[in-house]
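# Per-entry structural report
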Amino acid sequence: MLTASDKILWLPPGVLLKEISARQASFRPKAGTELFPTHMDRGALGEGKMLQGSLDSSGPRFTPLVVVELASDTKEEAIAWILSRIRDQQQNGGAELLVEQLGPGVGAQEKENPNMFLVGATRQRLLSGAEEVGLFKECNDGSMRGFTCANKHNFKDFEGDGDSFLNMAECQYIIKHELDTLRAKDETHVPGHTQVKLYPGKSIIRRLQSKGILIQIFPLHGQEELKRLSFSWYKKVKLSFQPLDNIRHYYGEGQALYFGFLEYFTFALVPMALIGVPYYLFDWEDYDKYVIFAVFNLVWCTVILELWKRFSASLAYRWGTLSRKKAFEEPRPGFHGTLGFNPVTGRKEPLYPNAKRQLRVYLVSLPFVLLCLYLSLYIMMIYFQMEGWVLSFHDEEPTFWTGILMFIPSIIYAVVIEIMNLIYRYAAEFLTEWENHRLESSYQNHLVLKVLVFNFFNCFASLFYIAFVMQDMVLLRQSLATLLITSQILNQFMEAFLPYWLQRRRNKKMIRKVQKRRTVEEKELPLAEQVRLEADMSTYLGTFDDYLELFLLFGYVSLFSCTYPLAAVLVVLNNVTEVYSDAFKMCRVFKRPFSDPAANIGVWQLAFEAMSVIAIVTNCALIGMSPQVKAYFTESETQLILWTVAIEHMLLAFKFILTFLIPDVPKHIQIKLARLEFESLEALKKKRQLLGGSHWTWDSEPQPRRNSSDVVMYEISPISCSV
């Protein structure tokens, strides 16, 4: 049992002082403007229960949703200009948000950054922002439609003034969007910082980030909702599904899809694990019988990925992101080049020749990746030399200790692999940044490609060498088990224990400072201290490393698990602990990330499908090498190879046929999306008929097309009007 002093060592992010209004500066908006939310509990906001605040002598107050931190040496005139742009009306080029400066904390020190600001918004501003970002919400008829203020009463849960309509994550996403769309007008530079040039129409926030004036923007946690989510997610150990809807409600669709995929992958491994246990117990020494398990792998890795597409499409439709339009992508904050005009937007922005970028990719990045692959191969050969030395030592004088010694080279090699992956990751990020990609999506694609190629080679090259060059199935089993177990232990240490320990140290320092003026029994931090505590927490860098870990685990079980049937069991156990450790990190270690309205797992879907293709080739080769199959081709090895290649091509063809036959989107969702498109066209026709005194003509008939999900859509040509 934890004592009261132990419990206070961890305070969940988002804990606010009850007298929060006493630490907030007041705002006096225009008459008739309602603040959203007004003087309410941030935990209640997570549930959408917005409480109407009261007016006092100092005017209405607002609850902060987002924190903006500027550099401590930012000039006063620059701060005043930034705040005025955030507060200005939209018609004047502002964001029309509410912002106030964070007051000094308990026992404030000189090293504390005074330039921290809390941002909120009025109810009406957030509702109009929901329409601007194309937020999809559930209608009264059960369909998912883009929200519009004109039809707000047709949406489910919109009651009264819409207090319970938007949840906290959606509000924070809207505020982030409004800040990102702040654009320079006629300013030539940031006031007080003449070296920071501004160009008309360019994003102010991205410019401030790239020049180091803006340190960070992050959303605040909600107390009550985080407590409820933590209890249902990881605090109570139980065999049940994850609360994906609650995760999506608090963290957004991108994070919920990752945990949904982690859960789906774990359950998909259960049949393989159930088959693997008796296979391990009864046929362990009979390596010839791995053929059956290899055939199972061939079917398994194809079917689960196709079924995942359907499951993720169902989740995305339920969450309103499946048919959501992708916003126009702005240049990355780190993108640089000579000033010119964007031919699409007509705005001034840095331009960088694509030919120069390609030269950097093919003349620098590609040779570097090849060099790293060579170093990985060189270290692999050193590992095999160590393995041979230990094996010869054990054969000369076999004892219990020499038997233990046989596992040491594999353990050392597994640790070296993890270290090399970590070092290479930093090098890949540096190179990708140096390539100067204009868009964040392009940057991520190139980074993912670099990291996947090296990690795949670094983790699996030794296994391929053992299987197809040495053809030693006993050593393959031992190496696979050692690599899998060692990597799981290291990942759990690096991803869960170490971040928690570092955050716990930061919390202790904050609590000691607060306890100088407050008693432990209050168990709450003042607003200023809570915000600064969250500001010092580690920044969540996205799901890249999480998907990468699942990608490698998928490779271990789909490529070579037929020789080590317990691989699936180990991965299931790892994934179960991964669910709890990742949930723990999200709730107690990292800052709250902004919601990511994702419709799928993105480029990682292609990565897993590519791995499944490699798995088919690998398992076919393992089947062809088995003594059972070789017994049928005793006279001609060439004939064996030809038959193996032919069967492998047939299975690949079967995989692609199966991909075509299984729709990515379930039929009932296709019908709902098609009906939504039809109703949109009908609404346009009715609107045309209701416009009296005008004669509308279509330049051409709507042309049907199909999107990536095989859902019939319609392209509407521009409308010409004559009065």
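Conventions used here
Residues numbered from 1 in each chain as written. Predicted model: local features only at pLDDT ≥ 70, side-chain atom pairs only at ≥ 80, totals over all residues. Heavy atoms only, no water. Helix = DSSP H or I, 4+ residues; strand = E, 2+ residues; numbered from the N terminus. Buried < 20%, exposed > 50% of the residue type's maximum accessible area, 1.4 Å probe, protein only. Contact = heavy atoms within 4.5 Å. Areas by Shrake-Rupley, 256 points an atom, 1.4 Å probe, with all protein chains shown as cover. Salt bridge = Lys/Arg side-chain N within 4 Å of Asp/Glu carboxyl O. Polar contact = N/O pair within 3.5 Å; in protein donor to acceptor, adjacent residues only side chain to side chain. Expected span 1.5 Å × (residues − 1). Phe/Tyr/Trp six-rings, centres within 6.5 Å; stacked < 30°, edge-to-face > 60°. Lys NZ or Arg CZ within 6 Å of the ring centre and 35° of its normal. Core = buried A, V, L, I, M, F, W, Y, C linked by side-chain atoms within 4.5 Å. Pairing = 2+ DSSP bridges. Axes fitted to C-alpha atoms, helices over the stretch in contact; angles between N-to-C directions. Parallel < 35°, antiparallel > 145°, perpendicular 65-115°, else oblique. Left-handed = near helix turned anticlockwise from the far one by under 90°. Nonpolar A, V, L, I, M, F, W, Y, C, P; charged D, E, K, R; others polar. pLDDT = per-residue confidence, 0-100.

## Observations regarding the overall build of the protein chain
- When you go through the protein chain residue by residue, the secondary structure sums to 22 helices and 15 strands.
- Burial analysis of the protein chain (723 residues in total) assigns 50% to the buried set.
- Taking all contacts inside the protein chain whose residues are at least 6 apart in sequence as the whole, residues at least 24 apart take part in 74%.
- As presented, the protein chain carries roughly 35,000 Å² of accessible surface, and 62% of it is formed by carbon and sulfur atoms.

## Description of the pattern of salt bridges
- In the structure shown here, the tally under the stated rule is 16 salt bridges.
- For the salt bridge of E170 with K137, the shortest nitrogen-to-oxygen distance reads 3.2 Å. Of this pair, E170 sits in helix 5 (residues 168-180) while K137 is found in strand 5 (residues 136-138), placing the two residues 33 residues apart along the sequence. For the pair shown, E170 and K137 are each scored as buried.
- Among the salt bridges present, the one from E682 reaches K685, with a minimum N-O distance of 3.8 Å. Placement of both E682 and K685 in helix 22 (residues 667-690) is noted, with a separation of three residues, approximately one turn of the helix.
- Connected through shared salt-bridge partners, K137, E170, R248 and E253 make up one network.

## Details of the side chain of T486
- Tracing the sequence through the fold places T486 in helix 15 (residues 473-514).
- Looking at T486, its side chain comes within polar contact range of the main-chain oxygen of T482, at 2.7 Å.

## Quick word on unusual backbone geometry
- Unlike most non-glycine residues, E96 shows phi in positive territory, near 60°.
- When its relative accessible area of 25% is taken as the criterion, E96 is described as partly exposed.

## Description of helix 17 (residues 544-559)
- The end-to-end C-alpha distance of helix 17, which contains 16 residues, comes to 22 Å, matching closely the 22 Å that a straight helix rising 1.5 Å per residue would cover.
- For helix 17, a buried count of 15 out of 16 residues is recorded, marking the element as mostly surrounded by other parts of the structure.

## Focus on the packing of aromatic side chains
- Under the defined criterion, the tally for this structure stands at 35 aromatic pairs.
- Here F155 and F165 contribute two aromatic rings whose centre-to-centre distance is 6.2 Å and whose plane-to-plane angle is 70°, an arrangement assigned as edge-to-face. In this pair, F155 is assigned in the loop between strand 6 (144-146) and helix 5 and F165 in the loop between strand 6 and helix 5, connecting sequence segments 10 residues apart.
- A cation over a ring is seen here: R592 above Y250, with NZ or CZ 3.6 Å from the ring centre.

## Here's the deal with the nonpolar core
- Core analysis: the biggest nonpolar cluster contains 107 residues, and W233, Y251, W300, F460, F554, Y556 and W604 have the highest contact counts within it.
- Apart from residues no more than four positions distant in its own chain, W233 is found in contact with Q242, P243, I247, Y251, F259, V579, Y580, A583, M586 and C587.

## Remarks on the side chain of E253
- Mapping E253 onto the fold places it in helix 9 (residues 253-282).
- E253 gets classed as buried once you look at its relative accessible area, which sits at 6%.
- If we skip the residues at most four places from it in the chain, E253 touches R248, W319, T321, S595, D596, P597 and A598.

## With respect to the pairing of strand 4 (residues 116-122)
- Of all seven residues making up strand 4, seven are buried, and the element is well covered by its neighbours.
- Two strands pair when backbone bridges link them, and strand 2 (residues 66-70) and strand 4 are joined in this way by four bridges, in the antiparallel orientation. By the bridge assignment for strand 4, V66 is matched with V119.
- As paired strands, strand 3 (residues 98-101) and strand 4 are joined by four bridges and run antiparallel to one another. Residue pairing for strand 4: Q101 is matched across the bridge by F117.

## A closer look at the pairing of strand 9 (residues 214-219)
- A large share of strand 9 lies buried, amounting to five of its six residues.
- As paired elements, strand 2 and strand 9 share five bridges and run antiparallel to each other. Of the residues in strand 9, the one forming a bridge with V67 is F218.

## Remarks on the packing of helix 14 (residues 440-470) against helix 19 (residues 603-625)
- Two numbers describe how helix 14 lies on helix 19: the axes approach to 12 Å, and their chain directions differ by 15°. Taken together, the axes of helix 14 and helix 19 are roughly parallel relative to one another. Two packed elements cross with a definite hand, and for helix 14 against helix 19 that hand is right-handed. Contacts between helix 14 and helix 19 pair N445, V448, L452, F456, F460, F464, A467 and F468 from the former with V603, W604, A607, M611, I614, T618, A621, L622 and M625 from the latter.
- When grouped by side-chain class, the residues that make up the contact of helix 14 with helix 19 number 15 nonpolar, two polar and no charged.

## A short note on the environment of F457
- Turning to its location among the elements, F457 is positioned in helix 14.
- For the pair F457 and Y374, spaced 83 residues apart in sequence, the C-alpha to C-alpha distance is 10.0 Å.

## Focus on the packing of helix 4 (residues 123-132) against helix 5
- One can describe the packing of helix 4 onto helix 5 by two numbers: an axis separation of 9 Å at closest approach and a directional angle of 75°. Judged on the interaxial angle alone, helix 5 and helix 4 are roughly perpendicular. Residue-level inspection shows R125, L126, G129, A130 and E132 of helix 4 in contact with helix 5, the latter providing C171, I174, I175, H177 and E178.
- Here the residues of the contact of helix 4 with helix 5 are counted per class, giving five nonpolar, two polar and three charged.

## Considerations on the environment of K655
- The topology assignment puts K655 in helix 21 (residues 637-661).
- Along the chain, K655 and S612 lie 43 residues apart, while their C-alpha atoms are 9.4 Å from each other.
- Beyond its immediate stretch of four places on either side in the chain, K655 contacts T302, E609, S612, V613 and I616.

## What to know about the confidence of the model for the protein chain
- Scored by pLDDT, the protein chain comes out at a mean of 78, with 80% of its residues at no less than 70.
- Ignoring residues within four places in sequence, the model shows residues 1-60, a span with pLDDT below 50, making 161 contacts including any to other chains.
- Segment residues 693-723 is flagged for pLDDT under 50; beyond a separation of four residues in sequence, or across chains, it makes 49 contacts in the model.

## Here's the deal with the environment of Y352
- Relative to the elements of secondary structure, Y352 occurs in the loop between strand 11 (348-351) and helix 11 (354-396).
- Each C-alpha atom, one on Y352 and one on R438, is 8.1 Å from the other, the two residues being 86 residues apart in sequence.
- Apart from the residues within four sequence positions on either side, Y352 is in contact with F335, H336, R357, R360, E435 and N436.
- Here the side chain of Y352 touches R360 through a polar contact of 3.0 Å, side chain to side chain.

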